[in-house]
Amino acid sequence: MLKDFERRFRHKSNKQKDNLFDYSYHKSGSIPGTLRIPPHATTPKIDVIDYTEEKVTCHHQVTPQDCLKYLQTPTISWVDVAGLGDAEIFQALGTFFELHPLLLEDIVNAPQRPKLVNYVDCIAIIIQMAIAKPSREGFWLEQVSIIIGKNYVLSVQEEADFDCFAPVRDRILHNQGIIRQQKPDYLAYALWDAIIDGYFPILEDYGEQIEWLEDEVMLNPTDVTLQKIYQVRRELLALRRAIWPQRDTINHLLRDRYPLISDDVRLYLRDCYDRTVQIIDITETYRELASGLMDVYLSAVSNKMNEIMKVLAVISTIFIPLTFIVGVYGMNFNPAASPWNMPELNWYWGYPVFWGLTLLIAVGLVYFFWRRGWFQNTTTPRRR
């Protein structure tokens, strides 16, 4: 199951690796309302849950024509569409649900910037859902569209392999909470709330990654460490760009009056707003920590280079006087021509004296440097 999940999302991972911050756009001169199907999109799967406070019915793999009869009943219907791989299906859904062509274009042509659009008979909410990778290193972004009508909620996901709406579906089937006692606006809130909850596990993973990177930067900084820090900063920026517009979208629902959004649901949306702000704060904090890790990495590399240069400088300083002595006694003077021409060359103990003086100077310099504390690591405090 895990391998199948990775295989189906491999194209999404490769796309976001290169275009992590891109949004969908048409070529110049395209007709408004054109449905551009993604090349790797899966065939849409339509599931319907029709419920009241007393009963609930669930239907899988239905057709767009089957959805029409649920729109004509007083019950609340949740139509969940997973996949964007068939333009005809979405055109049929747009006809039966009376969706504007521009709204269909925003639903199919993913990714779009999260936004809220108010139409005559419905409210369209387009947001980004974060999906943690199986390796717990990074995430995918998937567009989710939620359309709120008078007696229905239409949700559209890019893929069918990951379902963050499972807790909401279980609450409806098992009549948990008050979801079956409320109107479609509460169902839309529950779906949105499940999407926002999916951001917190991803942020926890990034918190652990930053802690590991802190230890790696302090103990053994390498070029791979720099790449990891850059990748974390880049992904946190993408996460911020996905969640920030959602805060503005919720703020619009709280600030303006919409006939399809009741005052009771507005109270629940305030909780979504607060947790969205919390996600933004955590993301900003992690971004600042990652930026600080970049500075720490540069300082650690610089300190490491200084340590290497210090060792080389100490070795060079020790050998400077030794090189001077060797150079002096390497000159071709004839002691027989004059008593002043290196008389040490005729001494009986001249060679042992030369090595003794050389070792004495070397040991003396090493002792001097040690007393000065130059052999101590710059990252550890010096003892007094």
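Throughout, a residue's number is its position along its own chain's written sequence, starting from 1. Only residues with pLDDT of at least 70 get local features here, since the model is predicted, and only at 80 or more are side-chain atom pairs given and counted; chain-wide, interface and lining totals rely on the full set of residues. Hydrogens and water molecules were not included; the side-chain quantities draw on all heavy atoms of the structure.

A. Just the overall build of the chain, in detail. Secondary structure is summarised from DSSP: a helix means a run of H or I of at least four residues, a strand means a run of E of at least two, and numbering begins at the N terminus for each. Each helix and strand in the chain was counted, giving 11 helices and seven strands. A total of 384 residues make up the chain; the buried ones form 40% of that total. Within the chain, contacts between residues separated by at least 24 positions form 68% of all contacts whose residues are at least 6 apart in sequence. Residue exposure (1.4 Å probe, protein chains only): buried if accessible area is under 20% of the type maximum, exposed if over 50%, otherwise partly exposed. Any two residues having at least one pair of non-hydrogen atoms within 4.5 Å are treated as being in contact.

B. Region of the structure containing the packing of aromatic side chains. Put simply, two rings from Phe, Tyr or Trp (the six-membered ring, in Trp's case) pair if the centres are within 6.5 Å, and we call them stacked under 30 degrees between planes, edge-to-face over 60, tilted for the rest. This structure, assessed with the given rule, holds 11 aromatic pairs. Taking the centre distance of 5.2 Å and the plane angle of 40° together, the rings of Y189 and Y268 count as tilted. Here Y189, found in helix α7 (residues 184-197), pairs with Y268, found in helix α10 (residues 263-329); they are 79 residues apart in sequence, far enough to count as distant. Seen in terms of ring centroids, F354 and W355 are 5.6 Å apart; in terms of plane orientation they differ by 70°. Their pairing is edge-to-face. Pairwise contacts between aromatic rings join Y186, Y189 and Y268 into one cluster. To sit over a ring, a charge needs its Lys NZ or Arg CZ within 6 Å of the ring centre and within 35 degrees of the ring normal. Looking at R240, its charged tip hangs above the ring of W244, at a distance of 4.5 Å from the centre.

C. Local environment of the pattern of salt bridges. Whenever Lys or Arg places a side-chain nitrogen within 4 Å of a carboxyl oxygen from Asp or Glu, that contact is recorded as a salt bridge. Enumeration according to the criterion identifies 12 salt bridges in this entry. Between D193 and R275 there is a salt bridge whose closest N-O contact spans 1.7 Å. With D193 in helix α7 and R275 in helix α10, the pair connects residues that are 82 residues apart, well separated along the chain. Judged by its relative accessible area of 14%, D193 is buried. Across the salt bridge formed by D263 and R266, the nearest N and O atoms sit 4.0 Å from each other. In this pair, D263 and R266 both sit in helix α10, three residues apart, roughly one turn of the helix. Overall, the relative accessible area of 47% leaves D263 in the partly exposed class. A relative accessible area of 11% places R266 in the buried class.

D. Quick look at the packing of helix α8 (residues 199-219) against helix α9 (residues 223-255). For helices, the fitted line uses only the C-alpha atoms of the stretch in contact; every axis is such a line through C-alpha atoms, and the angle between N-to-C directions lies from 0 to 180 degrees. The N-to-C vectors of α8 and α9 enclose an angle of 155°; their axes lie 11 Å apart at closest approach. Our classification of the angle between α8 and α9 gives roughly antiparallel. Once α8 is placed against α9, the crossing between them reads as left-handed. Contacts between α8 and α9 pair Y199, L203, Y206, Q209, I210, L213, E216 and V217 from the former with T225, K228, I229, V232, E235, L236, L239, A242, I243 and Q246 from the latter. We call Asp, Glu, Lys and Arg charged. Ala, Val, Leu, Ile, Met, Phe, Trp, Tyr, Cys and Pro are nonpolar, and the rest, Gly among them, are polar. Considering only residue class, the contact of α8 with α9 consists of 12 nonpolar, three polar and three charged. An angle below 35 degrees is treated as roughly parallel, one above 145 as roughly antiparallel, one from 65 to 115 as roughly perpendicular, and anything else as oblique. Here a crossing is taken to be left-handed if its near helix is turned anticlockwise relative to the far helix by less than a right angle, and right-handed if that turn runs clockwise.

E. Fine view of the pairing of strand β5 (residues 123-132). A large share of β5 lies buried, amounting to nine of its 10 residues. Two strands are said to pair when DSSP picks up at least two bridges between them. As defined by bridge partners, strand β4 (residues 115-118) adjoins β5 across four bridges and the pair is classed as antiparallel. Bridge pairing in β5 places N118 opposite I123. Where β5 lies against strand β6 (residues 139-148), 10 bridges are found, and the strand directions are antiparallel. Across the sheet, the residue bridging to Q128 is Q143, located in β6.

F. View of the pairing of strand β1 (residues 45-51). Counting buried residues along β1, five of its seven residues qualify, which places the element largely inside the surrounding structure. Relative to strand β2 (residues 56-59), β1 runs antiparallel, the two sharing four bridges. Note on β2: the bridge partner recorded for V48 is H59.

G. Region of the structure containing the nonpolar core. Only buried residues count toward a nonpolar core. Its members are Ala, Val, Leu, Ile, Met, Phe, Trp, Tyr and Cys residues joined through side-chain atoms within 4.5 Å. Core analysis: the biggest nonpolar cluster contains 63 residues, and W78, I125, I146, V168 and L187 have the highest contact counts within it. Those residues in contact with L187 that sit more than four places away from it in its chain are Y51, W78, V153, V168, I172 and I179. The next biggest cluster of nonpolar side chains, apart from the first, holds 26 residues, and it includes V79, F90, L103 and V108.

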